[in-house]
Amino acid sequence: MERTLILIKPDAIGRGLIGKIITRFEEKGLKLAGIKFLKLTDALLSEHYSHLADKPFFGGIKRFMQLTPVIAICLEGLDCVETTRRLCGITKAREAAPGTIRGDWAMSVQANLVHASDSIETANQEVKRFFDDSELFEYEIALTSMIYSEDELR
Ligand code: UDP
Ligand code: MG
């Protein structure tokens, strides 16, 4: 099944929203393949946000992302990349749809609680960037047959 990378950002850590955010993904039916707490280095951030390197807010986003350690999660599920982006909502959190993580709990463009990979190709790169193979797990959860149909699991 498809995998994607989520980061729980410093504003979520500081506001005590870690549990609520992880619960959103769990309750949707997405499975955790990996999870860890880490401090983002300058080099890792420059690579992760390289598509924003020429933007005026690049320095600001790097400082923001280093305010606290972050939580990296690898999520797994059918069409996981798209599904997760939709659960997070659009970048400008105050305009994100109600029901989404950003739409329900955030107001800022920068402090928007979560990162989620934006395409299958990016997701593959980002999961590799944050997780060694030995940190990603394949296991069965009891609810799988309640979350998907037999066809979807084939
Ligand atoms: N960001 C910002 N100002 C902007 C655009 C983006 O501070 O004008 C930050 C914001 O935290 C965003 C991150 O940079 O989540 C990455 O930007 P991207 O366009 O990839 O948005 P995302 O994929 O996170 O929705
Ligand atoms: Mg992005």
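In this text, all values refer to a predicted model and were calculated from it rather than measured experimentally.

Novice: I'd love a proper account of the site of ligand 1, names of residues and values included.
Specialist: Near ligand 1 you find Lys9, Tyr49, His51, Leu52, Phe57, Ile61, Arg85, Thr91, Arg102, Val109, Gln110 and Asn112, and these make up its full shell. Between ligand 1 and Lys9, the relevant distance is 2.8 Å, taken from an oxygen atom to a side-chain nitrogen or oxygen of the residue. Taking His51, its side chain carries an N or O atom lying 3.0 Å from an oxygen atom of ligand 1. With the chains in place, 81% of the 500 Å² that ligand 1 exposes on its own is no longer accessible.

Novice: Please give an account of the environment of Ala93 that cites residues and values.
Specialist: Relative to the assigned elements, Ala93 resides in the loop between helix H5 (80-88) and helix H6 (101-105). Sequence spacing of Ala93 and Phe58 is 35 residues, and the spatial spacing of their C-alpha atoms is 18 Å. Setting aside residues no more than four positions away along its own chain, Ala93 makes contact with Arg102, Gly103, Ala106, Met107, Ser108 and Asn112.

Novice: Just give me the short version of unusual backbone geometry, but keep the residues and values in it.
Specialist: One non-glycine residue with positive phi stands out, namely Asp79, at about 50°. Along the polypeptide, Asp79 turns up in the loop between strand S3 (70-77) and H5. At Leu113, a position not held by glycine, the phi torsion is positive, near 75°. Among the secondary structure elements, Leu113 is positioned in the loop between H6 and strand S4 (114-116).

Novice: With reference to specific residues and values, describe the side chain of His48.
Specialist: Within the secondary structure layout, His48 lies in helix H3 (residues 42-48). In this structure the side chain of His48 is engaged in a polar contact, spanning 3.4 Å, whose partner is the side chain of His115. Within polar-contact distance, the side chain of His48 engages the side chain of Arg129 at 3.3 Å. In contact with His48, other than residues within four places in its own chain, are Leu5, Leu7, His115, Glu126, Arg129 and Phe130.

What counts and what doesn't
Residues numbered from 1 in each chain as written. Chains lettered and ligands numbered in written order. Predicted model: local features only at pLDDT ≥ 70, side-chain atom pairs only at ≥ 80, totals over all residues. Heavy atoms only, no water. Near = heavy atom within 4 Å. Polar contact = N/O pair within 3.5 Å; in protein donor to acceptor, adjacent residues only side chain to side chain. Areas by Shrake-Rupley, 256 points an atom, 1.4 Å probe, with all protein chains shown as cover. Helix = DSSP H or I, 4+ residues; strand = E, 2+ residues; numbered from the N terminus. Contact = heavy atoms within 4.5 Å.

Scope: geometric values only; no functional claims are made or implied.
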